Amino acid sequence: ILLDSLLQESYLFLKTIKTRILRRGMGQKKKKENEAPAEVDCGRHNFSEKERDVLRTDLLRWYDGNARSLPWRTIARTETDLDKRGYSVLVSEIMLQQTQVATVIDYFNRWIEKWPSTVELSGASLEEINQAWSGLGYYSRGRRLWEGARHVESELSGRMPRTREDLLKLSGVGKYTASAVASIAYGQKVGVVDGNVLRVLSRLRGIAAEIDNSKVVEHMWTLADTIIDPDRPGDFNQSMMEL
C-alpha cells in the first residue's frame, strides 16, 4: 500500500512538472521555420574573464607561499639546457604516475644522477632500467621512458620535443604528461587535467556529473586550456594539482 502511494505521488509530481513545462513552451513565441535554434549556455560551467583573472591571481599567490620544494621543480626553474630541463620534467611525470610524491623523490634523484639526459639514458640497457626502477612498480613506465630517450637521440638529434603535440609522439606519453612537460619545462600555454584538476574544476563550476565521463573530461580540458595563466603556465598547472 505504501509503495503504491509513493508511486502515485511520484506520477502526479512528474505530471505537474510536465504540464508546467508545456505551458511555458506554449507561452513563448513560435520561431520562424527557417530560424536556427539558439545554443543554450547558462554559463555556469564556464569561467567569465573576471573569474579567470581572480582564479589566476589567488591560486598563484597561494602556490607561491605553499608550494612544496621538489627536485624536479628546482631543475625546471634553474636548468638552462632546454633538453635536460624537458627530460627531467618528463622523468618526474612518468614516475609520478600511480606513485606518491614521497616515494618518487629518492628514485628521481638517483635516476637523474645516473642518467642526467637522454644521451646517457639511451645508452643504458633494459636490464639496468628495470633494476633502477625496482620498487616503483609498473615497469612498463621505465621501459617506455627508455624507448622515448632512444627515439629522441636517434630520430630527433637529441632535441627534446617542446610542444604538447610533439611530446605526444613519444612512447608512453599521453595528453596529461605531454601538457605537463610542455607547460612546466617550456612555458607552453596549455592546461593539464588529472584526477586532482578534475575534482577542483568540478567543484568550482558545480559540475555534478561523473568526472570520468568522456564529455565531462573533454569539457575539463577546454576549461583547463582556457584558464591557464599566460605568464606562468607551468606554475599555474602545478598549483591546480597541488591544490
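Note: the structure precedes this text.
So, a few notes on the structure that sits alongside this text. Remember, predicted model here, so these are calculated numbers, not experimental data.

1. What to know about the overall build of the protein chain
In step 1: Secondary structure summary: the protein chain contains 13 helices and zero strands in total.
In step 2: Along its sequence from the N terminus, the protein chain presents helices and strands in the succession α-α-α-α-α-α-α-α-α-α-α-α-α.
In step 3: Within the protein chain, the fraction of its 243 residues that count as buried is 39%.
In step 4: By sequence separation, contacts in the protein chain at least 24 residues apart represent 65% of the contacts at least 6 residues apart.
In step 5: Working note: accessible area of the protein chain is about 15,100 Å², and carbon and sulfur atoms make up 51% of it.

2. Topic: the packing of aromatic side chains
Two aromatic rings are characterised by how far apart their centres lie and by the angle between their planes.
In step 1: For the coordinates displayed, the defined rule picks out three aromatic pairs.
In step 2: When the ring of Trp111 is compared with that of Trp115, the centres are 4.7 Å apart and the planes differ by 70°; the resulting orientation is edge-to-face.
In step 3: In this structure Trp115 comes out as buried when scored by relative accessible area, which is 4%.
In step 4: Through a chain of ring-to-ring contacts, the aromatic side chains of Trp111, Trp115 and Trp133 assemble into a single cluster.
In step 5: The side chain of Arg205 reaches across the aromatic face of Phe47, ending 4.3 Å from its centre.

3. Focus: the packing of helix H10 (residues 175–186) against helix H13 (residues 233–242)
In step 1: Two elements in contact, H10 and H13, have axes separated by 7 Å at closest approach and are oriented at 130°. Taken together, H10 and H13 sit at an angle that is classed as oblique. Contacts from Tyr176, Ser183 and Ile184 of H10 reach H13 at Pro233, Gly234, Asn237, Gln238 and Met241.
In step 2: Of the residues assigned to the contact of H10 with H13, the class counts are four nonpolar, four polar and no charged.

4. Things to note about the nonpolar core
When a protein is soluble and globular, its nonpolar side chains tend to lie buried together.
In step 1: Residues Met95, Trp111 and Leu121 are the most contacted members of the largest nonpolar core, which totals 60 residues.
In step 2: Of the residues forming this core, the biggest block, eight residues, is contributed by H10.
In step 3: Discounting residues that sit within four places of it in the chain, Met95 has contacts with Val104, Tyr107, Phe108, Trp111, Trp133, Leu136 and Arg141.

5. What to know about helix H11 (residues 195–204)
In step 1: Here H11 has its buried residues at Val197, Leu198, Val200, Leu201 and Ser202.
In step 2: Tucked into the core, H11 has its buried residues touching helix H12 (214–227) and H13.
In step 3: For H11, the capping residue at the N-terminal end is Asp194, with a side-chain oxygen 3.1 Å from the backbone nitrogen of Asn196.
In step 4: Just past H11, the residue Gly206 takes up positive phi, approximately 65°.

6. A short note on unusual backbone geometry
In step 1: Phi angles above zero are rare outside glycine, and Gln98 is one such case at about 65°.
In step 2: Tracing the backbone shows Gln98 in the loop between helix H4 (82–95) and helix H5 (101–114).
In step 3: Note on Gln98: relative accessible area 67%, which makes it exposed.
In step 4: Unlike most non-glycine residues, Tyr138 shows phi in positive territory, near 50°.

7. Quick look at the side chain of Asp229
In step 1: Relative to the elements of secondary structure, Asp229 occurs in the loop between H12 and H13.
In step 2: Despite its burial, Asp229 pairs with no opposite charge; the closest candidate is Arg56, at 4.7 Å N-O.
In step 3: At 2.9 Å, the side chain of Asp229 and the backbone nitrogen of Asp231 are in polar contact.
In step 4: In this structure the side chain of Asp229 is engaged in a polar contact, spanning 2.8 Å, whose partner is the backbone nitrogen of Arg232.
In step 5: When neighbours within four sequence positions are excluded, Asp229 is seen to be in contact with Arg56, Leu60 and Phe236.

8. So, helix H2 (residues 49–66)
In step 1: Taking 1.5 Å per residue as the helical rise, H2 with its 18 residues ought to reach 26 Å, and the 26 Å between its terminal C-alpha atoms agrees with that figure.
In step 2: Taken together, the buried residues of H2 touch helix H3 (71–78), H11, H12 and H13.

Rules and cut-offs
- Residues numbered from 1 in each chain as written.
- Predicted model: local features only at pLDDT ≥ 70, side-chain atom pairs only at ≥ 80, totals over all residues.
- Heavy atoms only, no water.
- Helix = DSSP H or I, 4+ residues; strand = E, 2+ residues; numbered from the N terminus.
- Buried < 20%, exposed > 50% of the residue type's maximum accessible area, 1.4 Å probe, protein only.
- Contact = heavy atoms within 4.5 Å.
- Areas by Shrake-Rupley, 256 points an atom, 1.4 Å probe, with all protein chains shown as cover.
- Phe/Tyr/Trp six-rings, centres within 6.5 Å; stacked < 30°, edge-to-face > 60°.
- Lys NZ or Arg CZ within 6 Å of the ring centre and 35° of its normal.
- Axes fitted to C-alpha atoms, helices over the stretch in contact; angles between N-to-C directions.
- Parallel < 35°, antiparallel > 145°, perpendicular 65-115°, else oblique.
- Nonpolar A, V, L, I, M, F, W, Y, C, P; charged D, E, K, R; others polar.
- Core = buried A, V, L, I, M, F, W, Y, C linked by side-chain atoms within 4.5 Å.
- Polar contact = N/O pair within 3.5 Å; in protein donor to acceptor, adjacent residues only side chain to side chain.
- Lys, Arg positive; Asp, Glu negative; His and termini not counted.
- Salt bridge = Lys/Arg side-chain N within 4 Å of Asp/Glu carboxyl O.
- Expected span 1.5 Å × (residues − 1).

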